[in-house]
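Coordinate inspection notes
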Amino acid sequence: FLLETQAREWREDYKAVLRAQWVGEVLGEKKVHGNMIGTGDLWNVLALYKKKAIVAMEKPREINYADKYHQKTKTMSILETSIPESEQNITMRKDGLIVIPAIACSKPRESNTYITFARSFLGGMQLHHRRQDGDVFALAATFEYTFHVPNGGLYFLIAYIVTVNKDLELLVTPNDATTSTVLMLPYTMGQWLQSMPVYVSLVKGKNVLRFTRSTLHAGLTIKKFILRPVT
């Protein structure tokens, strides 16, 4: 969001950004994912480069208020908070519904370059999967969950997520399946919403759900996954 907020400071220049975005909207063009180069169609790409040009020309000054006043911000305090084990419990209801907190990963067990476990501003915990601009798949960007079910069969899988970009997806692979299922994610505009359900096949006993993403993607925050038996 830094580029966006800096560019908007020069309102007259920013009108050119808006006009390019409006043309792209009328033409039905694909939008740029965040600020990632290589995504989006002509007019939306031109809008991105116009924002970059405005910032490069005006050279806005960045101020780190946390350093200035030698105090932690609310965001810093939340990120540094340890995660209690009670928040990582995978639960199963009597009707067979399974609730998997996003932070209850069996891999990774702690934050890494691509994945951050943190407290939510609205309470509880969340997993943030960071933006990846490169064209090389990173194993560290994969996360998985291990759990047991009393009965095998088909389940609906739903994710509760926050997105600020369109056309995002998760690839989910249950156990030793040779193909992945695409979980399409809605554009939530910063709100917690649920995805459309997809089918996954589970076996009786131990199961592993493995999640990956494409090599080029925008950031994504996940609250939990829900598995419901198909009846």
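Refer to the structure printed above.
In this report, the structure presented in the accompanying data block is examined. These numbers come from a predicted model, not from an experiment. (Residues numbered from 1 in each chain as written. Predicted model: local features only at pLDDT ≥ 70, side-chain atom pairs only at ≥ 80, totals over all residues. Heavy atoms only, no water.)

1. Observations concerning a nonpolar patch on the surface
Together, Val26, Leu27, Leu42, Trp43 and Leu46 make up an exposed nonpolar region whose accessible area comes to about 520 Å². No other element matches helix H3 (residues 42-58), which puts three residues into the nonpolar patch. You can see Trp43 is positioned in helix H3. Under the relative-accessibility criterion, Trp43 is labelled partly exposed at 33%. (Patch = residues over 30% accessible without salt bridge, like charges linked within 9 Å, V, L, I, M, F, W, Y side chains within 5 Å. Areas by Shrake-Rupley, 256 points an atom, 1.4 Å probe, with all protein chains shown as cover. Salt bridge = Lys/Arg side-chain N within 4 Å of Asp/Glu carboxyl O. Helix = DSSP H or I, 4+ residues; strand = E, 2+ residues; numbered from the N terminus. Buried < 20%, exposed > 50% of the residue type's maximum accessible area, 1.4 Å probe, protein only.)

2. Describing the pattern of salt bridges
Side-chain pairs of opposite charge can arise where the charged atoms are in close proximity. Taken as a whole, this structure holds three salt bridges when the rule is applied. Across the pair Arg93 and Asp95 runs a salt bridge whose closest N-O atoms are separated by 2.7 Å. On the basis of relative accessibility, which here comes to 45%, the residue Arg93 falls in the partly exposed class. Measuring nitrogen to oxygen at the nearest pair gives 3.0 Å for the salt bridge that ties Arg210 to Glu144. Placement of the pair is Arg210 in strand E11 (residues 205-212) and Glu144 in strand E5 (residues 143-149), with a sequence separation of 66 residues. Exposure remark for Glu144: the relative accessible area of 10% places this residue in the buried category.

3. So, the pairing of strand E4 (residues 125-129)
With four of five residues buried, E4 is to be regarded as a mostly interior element. Both strand E3 (residues 115-119) and E4 contribute to a ladder of five bridges, which runs antiparallel. Counterpart to Ala118 in the pairing with E4 is Gln126. Both E4 and strand E12 (residues 220-229) contribute to a ladder of three bridges, which runs antiparallel. Bridge pairing in E12 links His128 to Thr221. (Pairing = 2+ DSSP bridges.)

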